[in-house]
Structure formats: C-alpha cells, structure tokens
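If you want the building blocks of each chain, they are given just below.
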Amino acid sequence: MKLKELESCLQQVDGFEEPKILLEQYPTSPHIAGCMLYTIHNTFDDIQNKLVADLGCGCGVLSIGAAVLDAGLCVGFDIDEDALDIFKGNVEDFELSNIDMVQCDVCSIGSSYAKKFDTVIMNPPFGTKHNQGIDMQFLQTAISMASTAVYSLHKTSTRDHIQKKANDWKVKMEVIAVLSEQQEYKESYAEP
Ligand SMILES: C[S@@+](CC[C@H](N)C(=O)[O-])C[C@H]1O[C@@H](n2cnc3c(N)ncnc32)[C@H](O)[C@@H]1O
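Calculation criteria
- Residues numbered from 1 in each chain as written.
- Predicted model: local features only at pLDDT ≥ 70, side-chain atom pairs only at ≥ 80, totals over all residues.
- Heavy atoms only, no water.
- Helix = DSSP H or I, 4+ residues; strand = E, 2+ residues; numbered from the N terminus.
- Rg over C-alpha atoms; globule rule 2.2 N^0.38 Å.
- Buried < 20%, exposed > 50% of the residue type's maximum accessible area, 1.4 Å probe, protein only.
- Contact = heavy atoms within 4.5 Å.
- Areas by Shrake-Rupley, 256 points an atom, 1.4 Å probe, with all protein chains shown as cover.
- Lys, Arg positive; Asp, Glu negative; His and termini not counted.
- Charge placed at Lys NZ, Arg CZ, Asp CG, Glu CD.
- Near = heavy atom within 4 Å.
- Polar contact = N/O pair within 3.5 Å; in protein donor to acceptor, adjacent residues only side chain to side chain.
- Nonpolar A, V, L, I, M, F, W, Y, C, P; charged D, E, K, R; others polar.
- Disulfide = S-S within 2.5 Å.
- UniProt positions renumbered as here; feature names shortened; annotations may be inferred.
- Axes fitted to C-alpha atoms, helices over the stretch in contact; angles between N-to-C directions.
- Parallel < 35°, antiparallel > 145°, perpendicular 65-115°, else oblique.
- Left-handed = near helix turned anticlockwise from the far one by under 90°.

### As for the overall build of the protein chain
Within the protein chain, the regular secondary structure consists of six helices and seven strands. In sequence order, the protein chain lays out its α and β elements as α-α-β-α-β-α-β-β-α-β-α-β-β. Taken over C-alpha atoms, the radius of gyration comes to 15 Å for the protein chain, in line with the 16 Å a tight globule of 192 residues would show. Its C-alpha atoms give the protein chain principal-axis dimensions of roughly 45 × 35 × 35 Å. The proportion of buried residues among the 192 residues of the protein chain is 47%. At a minimum sequence separation of 6, the contacts of the protein chain that also span at least 24 residues come to 70%. Counting every atom, the protein chain has about 9400 Å² of accessible surface; 47% of that belongs to carbon and sulfur. Across the protein chain, the mean location of the 15 positive side-chain charges is 9 Å away from that of the 29 negative side-chain charges.

### Thoughts on the site of the ligand
Around the ligand, the structure places 21 residues, and the nearest of them are Thr 28, Gly 56, Asp 78, Asp 105 and Val 106. At 2.9 Å from a nitrogen atom of the ligand is found a main-chain nitrogen or oxygen belonging to Val 106. Relative to its unbound accessible area of 590 Å², the ligand is 97% covered by the protein chains. Among the secondary structure elements, those contributing two or more residues to the shell around the ligand are α3 (61–68) and α5 (134–145). Of the residues that constitute the shell around the ligand, the class distribution is 13 nonpolar, five polar and three charged.

### Some details on the state of the cysteines
Following the criterion strictly, the structure yields zero disulfides and no others. Distance from the sulfur of Cys 57, which forms no disulfide, to the nearest cysteine sulfur (Cys 74) is 8.2 Å.

### Topic: the UniProt feature "domain: Methyltransferase small" (unreviewed entry) in the protein chain
Feature annotation in UniProt assigns "domain: Methyltransferase small" (unreviewed entry) to the following positions: residues 43–142. Along residues 43–142 the backbone is 31% helical and 22% strand, and the end-to-end C-alpha distance reaches 20 Å.

### Focus on the side chain of Thr 141
For Thr 141, the position within the fold is in helix α5. The class for Thr 141 is buried, based on a relative accessible area of 9%.

### A few points about the packing of helix α1 (residues 3–10) against α3
With their axes 10 Å apart at the nearest point, α1 and α3 run at an angle of 135° to one another. Between α1 and α3, the angle is such that the two are oblique. For the pair α1 and α3, the crossing hand works out as right-handed. Contacts from Leu 6, Cys 9 and Leu 10 in α1 reach Val 61, Ile 64, Gly 65 and Val 68 in α3.

Following this line, the structure appears as structure tokens:
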C-alpha cells in the first residue's frame, strides 16, 4: 500500500467527539499516523503478521492503520470508555477482524503482558495536565510488553530525558524521524 493510500484511508477514522483535556485526548493526524506506520511497516517490517499493542489507543487511528497493514492482531489499550466506543464504531465501519481492545489504566498494567507483543506503537499523553511523568510510565510499560520494538511519539524537548531513561533501562533508543518542530518518534528496544 502506498503512503498516500494509507493516509487517505486513515482520514476516514472518526475522532474524539468531546476530547477530555485531562486525558490529553488529541488525535494523531492521518498524515503523522500514516508516516509513522508506513515506516514501521516498510523499513522495519514490524507490523505485518505481528502481534501489535497500541497504548492510549483513543479512537484507534494507529490501531486501524496497523490492522490495514495486515498486523496479525492489534490490541488497543485505553482508560476511556467513550473513546473505545468510537474505536469500536471505526472497527465496524472498516470491517476489520484483526483488532481487539482493552479498557484499562496503562500505568497499572505492570508486568501482566511482559513480552507478550512483538511491537508496541503509541502516541502517549505527554504529561502536561497534572500527570507529569505519564509519558515515561507509558514508555516503560511499552518496553516491558514488546519483544522486538516500541515506536512512540514524543516532544523533541524531552529527547535528552528519554535518552537518559533509555540508558537507565538498558534499552537502545533511536530517533527515527522528526515530524514537526515539537514531535518526533522513536524506536526503543531491549538490548539482547
Ligand atoms: C494523545 S491521545 C492519543 C490517541 C490515539 N492513540 C491517537 O493516536 O489518536 C492519548 C490517549 O491516551 C489515553 N490515556 C490517557 N491516560 C491514560 C491512562 N492512564 N491509561 C490509558 N489510556 C490513557 C487517552 O484517553 C487518549 O486516548
């Protein structure tokens, strides 16, 4: 599938009806979601036939893109029932059978899914709404869940902090793309 086709497909995904500011419910644009997933798929081969988790999936734009790119199964995790209801509607509209979802607080997952997924993708809350540090909690959980790689969107201003955490956690961190002046995505994976 070409990038343009993926992007236009993701434009059909319904977004948040009444975004909850405290949950940082800003959606990933079809353009950014498309670029991210296209690279994960074409450059790293980490989607097709893989078991993928999407942390803080919201209405599911990243999950749906992964499913369209033939993930074996993509499981979205989000705390918010309203977002998951919209996600369910999107899955029905797209007639996808390789998607599942779990309502939970990602910060409470702990080691329940340790290395159960091949790949984790996410656009986590950045921790700007009285929830400082939640981006790092999402990242740490994602790293514990993935056996191969984590692809995550972050503000460029947090790059040094994330690099320090990656060193502490003994995982390799790589900046894959700078998507705008504020946002970039990274791959992190456990050292063998
Ligand atoms: C930046 S939005 C990303 C939404 C979606 N993944 C996308 O790319 O459009 C962050 C998402 O994280 C969810 N969220 C916030 N805090 C959470 C928590 N503690 N556990 C699970 N999900 C959470 C929000 O409900 C929201 O859907």
